[in-house]
Amino acid sequence: AKDTVPGYNGHTWAPDVAFHNGRFLVYYSVSTFGKNRSAIGVVSNATLNPEHPNYQWIDHGAVVVSKPGTTNWNAIDANFILNENGEPYLSFGSFWGGLQLVKLSPDGLKTAGSPAEFQTICTRNTSENAVEAPFIFKKDDWFYLFASFDFCCRGAESTYKVVVGRSRQLTGPYVDAQGQSMLEGGGSLVVEGNERYAGVGHNAVASFNGTDYLIFHAYDMQRSGTSFLRILPISWQNGWPVVSPQF
């Protein structure tokens, strides 16, 4: 990480966990904050049981690397997803040129193709382009692209919120409930800050016992603006995710 990302100071973050081809994959971000000098790496393990004889985390190094002046995207906030044919892809990104999608090798340890083909799947087309943290969730015949708009990491002053679009195909195009493309700033609101919580975002979606849940962090105004984990049930209305605004 230190060789790939000069200035990296040991801060490893934004993990995404997948079980693929019989082993667990954990994608992680290393970066210099506020710059697109970043990388996404991956580690694997055959089991999550530390007592198992095959328990061993193996670091396979960088999957995607971004460099100032070379790439117009930022290699952080990875999310692993299979397309409609069961082929692995990685979505990622923050600010700059927006959220990206790239096909992975069958084992998920590196990008496919030489060179790899990166595709923009969401951008706000603004000067700051405050969008990051993609999470793609497959439900029925739709792929749902969740993204975080605006700014995190500012405590009570954070303005993060979660939006969503959907597509029949993993590669898009993703459109919101009003039919606006997420390549043109579209995104239907899922959850935003309220009087109790500021800056809600960087979400995931998981299903347990037939219920889908939105998982994200939020800055609690009643606890000094500190970030806390929130897990809320999703109801689906007309094919779109709905979360109570009074969380």
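Anyway, here's the lowdown on the structure attached to this text. Bear in mind the structure is a predicted one, so any value in this text is a computation, not a measurement.

**Things to note about the overall build of the protein chain**
The helix and strand inventory of the protein chain stands at 0 helices and 16 strands. For a compact globule of 247 residues, the expected C-alpha radius of gyration is about 18 Å, and the protein chain comes in at 18 Å, within 12% of that figure. Taking the principal axes of the C-alpha coordinates as reference, the protein chain spans close to 45 × 40 × 40 Å. When the 247 residues of the protein chain are sorted by exposure, 49% land in the buried category. A total of about 12,100 Å² of accessible surface is found on the protein chain, and carbon and sulfur atoms cover 48% of it. Averaged over its 17 positive side-chain charges, the protein chain has a centre that lies 3 Å from the centre of its 21 negative ones.

**Digging into the state of the cysteines**
Under the defined criterion, the tally for this structure stands at 1 disulfide. Across a sulfur-sulfur distance of 2.3 Å, C152 and C153 are joined as a disulfide pair. The chirality of the disulfide connecting C152 with C153 is left-handed, given an S-S dihedral of about -50°. There is no disulfide at C122, and the cysteine sulfur nearest it, in C152, is 16 Å away.

**Regarding the nonpolar core**
Ranked by size, the top nonpolar core spans 20 residues in total, and within it F146, L214 and F216 carry the most contacts. Contact partners of L214, with chain neighbours within four places excluded, come to F146, V190, V191, N203, A204, V205, R230, I231, L232, I234 and V243. A18, I40, L90 and F92 belong to the second-largest nonpolar core, a separate cluster that totals 17 residues.

**Remarks on the pattern of salt bridges**
Enumeration according to the criterion identifies 6 salt bridges in this entry. One salt bridge connects K103 with E87, and the closest N-O pair in it is separated by 3.3 Å. In this pair, K103 is assigned in strand β7 (residues 99-103) and E87 in the loop between β5 (79-82) and β6 (88-92), connecting sequence segments 16 residues apart. D150 is the salt-bridge partner of R124, the closest N and O atoms lying 2.8 Å from each other. Of this pair, R124 sits in the loop between β8 (118-122) and β9 (131-139) while D150 is found in the loop between β10 (142-149) and β11 (161-167), placing the two residues 26 residues apart along the sequence. The structure contains a network of salt bridges with shared partners spanning R124, D150 and K161.

Reading the values: rules and limits
- Residues numbered from 1 in each chain as written.
- Predicted model: local features only at pLDDT ≥ 70, side-chain atom pairs only at ≥ 80, totals over all residues.
- Heavy atoms only, no water.
- Helix = DSSP H or I, 4+ residues; strand = E, 2+ residues; numbered from the N terminus.
- Rg over C-alpha atoms; globule rule 2.2 N^0.38 Å.
- Buried < 20%, exposed > 50% of the residue type's maximum accessible area, 1.4 Å probe, protein only.
- Areas by Shrake-Rupley, 256 points an atom, 1.4 Å probe, with all protein chains shown as cover.
- Lys, Arg positive; Asp, Glu negative; His and termini not counted.
- Charge placed at Lys NZ, Arg CZ, Asp CG, Glu CD.
- Disulfide = S-S within 2.5 Å.
- Core = buried A, V, L, I, M, F, W, Y, C linked by side-chain atoms within 4.5 Å.
- Contact = heavy atoms within 4.5 Å.
- Salt bridge = Lys/Arg side-chain N within 4 Å of Asp/Glu carboxyl O.

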